[in-house]
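# Summary of the model geometry
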2 protein chains.
Amino acid sequence: MPQSVQRRQAASTGRRLVRKTRPPALLAELALRRGFRVYQDPLANLFIRRDGKDGHHPPFLIGSHLDSQPTGGRYDGALGTLAAFEVLETLEDAGIVTDVPIEVVAWTNEEGSRFAPGAMGSMAFSLGHIPESWQDIQGTDGVFWRDALAETIAALPVAEQRALGFPISGYLELHIEQGPSLENENIPIGIVTGVQGTRWLEVTVAGQAAHAGTTQLAFRRDPMVAVTSALHMLYETVMPEDDNARLTIGRIAALPGSVNAIPGSVSLTVDLRHPLTDRLNTIEAQVLAAFQASAALHGCKVDIRKTFDMSPAPFSKAVIEGVEQAAGHLGLPSKHMISGAFHDALYVARVAPRAMIFVPCRDGLSHNEAEYVDPEHSVAGTQMLFQSTLDVLNTLAIKQ
Amino acid sequence: MPQSVQRRQAASTGRRLVRKTRPPALLAELALRRGFRVYQDPLANLFIRRDGKDGHHPPFLIGSHLDSQPTGGRYDGALGTLAAFEVLETLEDAGIVTDVPIEVVAWTNEEGSRFAPGAMGSMAFSLGHIPESWQDIQGTDGVFWRDALAETIAALPVAEQRALGFPISGYLELHIEQGPSLENENIPIGIVTGVQGTRWLEVTVAGQAAHAGTTQLAFRRDPMVAVTSALHMLYETVMPEDDNARLTIGRIAALPGSVNAIPGSVSLTVDLRHPLTDRLNTIEAQVLAAFQASAALHGCKVDIRKTFDMSPAPFSKAVIEGVEQAAGHLGLPSKHMISGAFHDALYVARVAPRAMIFVPCRDGLSHNEAEYVDPEHSVAGTQMLFQSTLDVLNTLAIKQ
């Protein structure tokens, strides 16, 4: 069956889809043509089902997402979803009968770029309900989320309706790494053992707005100086001292923002990540201490609010073992790694055994139109998803 | 005559003007009532003339501006203009006849907050013409400058029209310090010997936008790190090593500005000031070197453009001597100082001998509604302007 995977993969990378059909509709059309059943839940999560011997057993889910960033590429999400469909077709082509149903899933709004938060589909699926607060969410274009959702559901009348959230046997997701480590080490397969924890802080350092020309150093309470001093200290310590730590300032602004005025305040965001909760706590404390000390030194005040706190999510031992076995069966070099990015698997982790498979992407680039995956790696990842699905069903011992 | 100054000053600080009349119209009305002549030039610069013995001698100008910042205070500009009018009234009250005409001037649009650039009135006056490029200037509200100017001129029909730019004997301006040094040293009078030079740089450091979670330190080309490192070095050296240097980052932004993305670029403004051109050159070179070294170290590229370059403007020895003598005559403690802010005097400096007098403002605060000048300092400043006008006429030897 790797034959058929390779053949179809080669064909699909050789041409560009220019159809205007929405990606879920196109996928549903392909699925119905193959005789699979297509479902949609109230979050517009799309499911494509191939039955197993036991029709009542909770399905094993494979998939990813089909949405992207405004200037995102062609692989983030799409690779994992189409690879999962390829697995389903390959099972069908090879006439393999699994004990449990296998379902492809395409989760809704993983990116959160029009409607925040991201991973809405997998989050609501794992909760089993839609959080009340989501009803009033408006998109970056002012459209209400509930209206866009209704429109999305209505756009796929071929799908059967299904309730939100149901028992599943496990979850496996193929995704591009969105970082450079596999490419740099020339390893085609990453076996993802968990998603690192993330915390977002909003820091505001307030000083005293004053005239840039008339205010001597001794009388300055310049929040930009305080911020620079704190960041310099953090950049010199947090990441250099711990290879698994991530510290990113993605947003910064000085107010009032006049070229010739010492700013009254400087606001910035801090994105902290680490696979271990203890280390996250320590680093967060370092950040607070750095800003407090620096603000005090420069006559400023600091306000720090935590706006997001996602605990590290280790993946399931049994699923990881199945993926390890698959890499062995296929003779593909692999390494264990932690995911630095969020994924739907993070939320599904709450309700089922799960793991992820990563493939390299060129220059580690993602959320960028230049995002690119070597066809060889797309094929290897898809083969891994196929083999892992079979091997994980064994390691999970869900055969009956 | 200090008696009458004190009396009127006390009265005016005791009440608030609630009239809706534009400040120039109010001033013109007060001037006409006292029998002074009122003129307006094509820039809407307002002149109030008290004749001298020699009606043909170029007038000696005293004054400042009446416009303010959107959230500016009540003293920046207004103090110097009203004090100048007070001087004219006091000369009249005391029956003092000067050899040359004395004129109060209120320059148009010193602040430049609605229409940039600032100091348009004094700039056009010293040029003797209106720069062609100004015709298409639009205000922050979209209004064309030329229309607003026509409206302003039409709003003061009582003023006689006068050509733009004419010979003057000298210029003296009272202004609030807009900085804290006089207040901190408890000195009521600053004798301003010049305006420091100013340069504005726009710095953009470009790196590689990437995922905050997936990108290890070794693969980051984070422009925020490069900017922090350069600024840290500059903040530690430029001002601490030279009391007369000013380095201010008033505006900074990271693009694309996502909490969870390493920014692709960071842009900021640098405001540099120093009274000496040589030192300005050295500091500008330090800034360039710091950003270039830091960008190279972090795999980034830097682009630096100079958007403004105003040479240091030393004031006139003879005018400064007159102001020094006045401080001696009045027994007022004073110190020599450099102006960190721009002033109309900077432009008038091109066409006539000039100097400025500073008085303290509370906490050095300006361009802020909390701006405040102790009545005692307003009185001292006004007395100084009066006495200096008489003494400067002597030191300039323009008596005939």
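All of these numbers come straight from a predicted model, not from anything done at the bench.

What follows covers the side chain of Ser64 of chain A. Residues and elements named next belong to chain A. With respect to the helices and strands, Ser64 occurs in strand S3 (residues 60–65). Here Ser64 falls in the buried class, since its relative accessible area comes to 0%. Only 2.8 Å separates the side chain of Ser64 from the side chain of Glu173, close enough to count as a polar contact.

The subject of this paragraph is the packing of helix H9 (residues 317–330) of chain A against helix H11 (residues 375–395) of chain A. All names here are of chain A. The geometry of H9 relative to H11 is characterised by a closest axis approach of 7 Å and an angle of 130° between their N-to-C directions. Between H9 and H11, the angle is such that the two are oblique. The interaxial crossing formed by H9 with H11 has right-handed handedness. Every residue of H11 that contacts H9 at Ala318, Val319, Glu321, Gly322, Val323, Gln325, Ala326, Ala327, His329 and Leu330 is listed here: Gln383, Met384, Gln387, Ser388, Asp391, Val392 and Thr395. Split into classes, the residues belonging to the contact of H9 with H11 amount to eight nonpolar, seven polar and two charged.

Right, let's talk about the nonpolar core for a bit. Membership of the largest hydrophobic core comes to 87 residues, with the highest contact counts inside it found for Ile48, Phe60, Ile62, Leu172 and Leu385 of chain A. Here the element with the most residues in this core is helix H3 (residues 78–94) of chain A; it accounts for seven residues. With sequence-adjacent residues up to four places away left out, Ile62 of chain A is seen in contact with Ala84, Val87, Ile102, Glu103, Val104, Val105, Leu172, Leu385 and Thr389 of chain A. Within the second largest apolar cluster, 83 residues are counted, among which are Phe60, Phe85, Phe166 and Leu346 of chain B.

Taken as a whole and assessed by the stated rule, the structure comprises 42 salt bridges over all chains. One salt bridge connects Arg34 of chain B with Asp93 of chain B, and the closest N-O pair in it is separated by 2.6 Å. With Arg34 of chain B in the loop between helix H2 (23–33) and strand S1 (37–40) and Asp93 of chain B in helix H3 (residues 78–93), this residue pair connects regions lying 59 residues apart in the sequence. Residue classification places Asp93 of chain B among the partly exposed residues on the basis of a relative accessible area of 38%. Two residues, Asp99 of chain B and Lys53 of chain B, come together in a salt bridge whose shortest N-O distance is 3.3 Å. Linking Asp99 of chain B in the loop between H3 and strand S4 (102–107) with Lys53 of chain B in the loop between strand S2 (46–50) and strand S3 (60–65), this pair joins segments that are 46 residues apart in sequence. One salt-bridge network, in which partners are shared between bridges, spans Arg49, Asp51, Glu103 and Arg162 of chain A.

Another aspect to go through is the interface of chain A and chain B. Each side of the interface is counted separately: chain A has 53 residues, and chain B has 52 residues. Across the chain A to chain B interface the summed buried area is about 4,500 Å²; carbon plus sulfur atoms make up 63%. Viewed at the interface, chain B and chain A are joined by 13 residue pairs in polar contact (both at pLDDT 80 or more). Taken together, the elements giving at least two residues each to the side of chain A that touches chain B come down to helix H6 (181–185), helix H7 (223–237), strand S10 (246–248), strand S11 (252–255), strand S12 (261–262) and strand S13 (265–274) of chain A. With seven residues, the top contributor of residues to the side of chain A that touches chain B is H7 of chain A. Each residue belonging to the side of chain A that touches chain B can be placed in one class, and the counts come to 23 nonpolar, 23 polar and seven charged.

What follows concerns the domain arrangement of chain A. Residues and elements named next belong to chain A. Domain boundaries assigned for chain A yield domain 1 (2–195 + 312–395) and domain 2 (197–310). Centre-to-centre separation of domain 1 and domain 2, based on C-alpha positions: 37 Å. Counting from both sides, the interface comprises eight residues of domain 1 and, opposite them, eleven residues of domain 2. The contact between domain 1 and domain 2 buries some 670 Å² in all, and 70% of this surface belongs to carbon and sulfur atoms. Of all residues in domain 1, Pro312, Ile338 and Phe342 bury the most surface against domain 2, accounting for 69% of the area lost on that side. Counting across the domain 1 and domain 2 interface gives zero salt bridges. The interface formed by domain 1 and domain 2 includes one residue pair in polar contact (both at pLDDT 80 or more).

Before going further, it helps to spend a moment on the environment of Phe386 of chain B. One can find Phe386 of chain B in helix H11 (residues 375–395). Between the alpha carbons of Phe386 of chain B and Thr90 of chain B there is a distance of 8.2 Å; along the sequence they are 296 residues apart.

Right, let's talk about the relation of the copies chain A and chain B for a bit. Superposing chain A onto chain B requires a rotation of 180° together with a translation of 0.2 Å along the rotation axis, leaving an RMSD of 0.2 Å. Considering both components of the superposition, the chain copies are consistent with a two-fold axis. The residues that chain A uses at the interface reappear at the interface of chain B in 98% of cases, marking a shared surface.

Next up on the list: the environment of Asp51 of chain B. All names here are of chain B. Along the chain, the position of Asp51 falls in the loop between S2 and S3. By relative accessible area, Asp51 is classed as partly exposed at 44%. As for Asp51 and Val323, which are separated by 272 residues in sequence, their C-alpha atoms are 22 Å apart. Non-local contacts of Asp51, meaning those with residues more than four positions away in its chain, are made with Thr98 and Pro101. In this structure the side chain of Asp51 is engaged in a polar contact, spanning 2.7 Å, whose partner is the side chain of Arg49.

Let us look at the packing of aromatic side chains. For the structure shown, the criterion picks out 24 aromatic pairs over all chains. Consider the rings of Phe47 of chain A and Trp107 of chain A, whose centres lie 6.2 Å apart with planes at 85°: the pair is edge-to-face. Here Phe47 of chain A, found in strand S2 (residues 46–50), pairs with Trp107 of chain A, found in strand S4 (residues 102–107); they are 60 residues apart in sequence, far enough to count as distant. On the basis of relative accessibility, which here comes to 0%, the residue Phe47 of chain A falls in the buried class. Since its relative accessible area comes to 2%, Trp107 of chain A is described here as buried. Judged by centre distance (6.0 Å) and plane angle (65°), the rings of Trp107 of chain B and Tyr171 of chain B are edge-to-face. Placement of the pair is Trp107 of chain B in strand S4 and Tyr171 of chain B in strand S6 (residues 170–176), with a sequence separation of 64 residues. Of the two residues examined, Trp107 of chain B and Tyr171 of chain B, each falls in the buried class. Here a set of aromatic residues connected by ring pairs shows up, and it is made of Phe47, Trp107, Phe125, Phe166 and Tyr171 of chain A. Here the guanidinium or amino end of Arg273 of chain A rests over the ring plane of Phe342 of chain A, the centre of that ring lying 4.9 Å away.

Definitions and cut-offs
- Residues numbered from 1 in each chain as written.
- Chains lettered and ligands numbered in written order.
- Predicted model: local features only at pLDDT ≥ 70, side-chain atom pairs only at ≥ 80, totals over all residues.
- Heavy atoms only, no water.
- Helix = DSSP H or I, 4+ residues; strand = E, 2+ residues; numbered from the N terminus.
- Buried < 20%, exposed > 50% of the residue type's maximum accessible area, 1.4 Å probe, protein only.
- Polar contact = N/O pair within 3.5 Å; in protein donor to acceptor, adjacent residues only side chain to side chain.
- Axes fitted to C-alpha atoms, helices over the stretch in contact; angles between N-to-C directions.
- Parallel < 35°, antiparallel > 145°, perpendicular 65-115°, else oblique.
- Left-handed = near helix turned anticlockwise from the far one by under 90°.
- Contact = heavy atoms within 4.5 Å.
- Nonpolar A, V, L, I, M, F, W, Y, C, P; charged D, E, K, R; others polar.
- Core = buried A, V, L, I, M, F, W, Y, C linked by side-chain atoms within 4.5 Å.
- Salt bridge = Lys/Arg side-chain N within 4 Å of Asp/Glu carboxyl O.
- Buried area = accessible area lost by both parts, 1.4 Å probe.
- Domains from an automatic or database assignment.
- Least-squares fit on C-alpha atoms with pLDDT ≥ 70 in both.
- Phe/Tyr/Trp six-rings, centres within 6.5 Å; stacked < 30°, edge-to-face > 60°.
- Lys NZ or Arg CZ within 6 Å of the ring centre and 35° of its normal.

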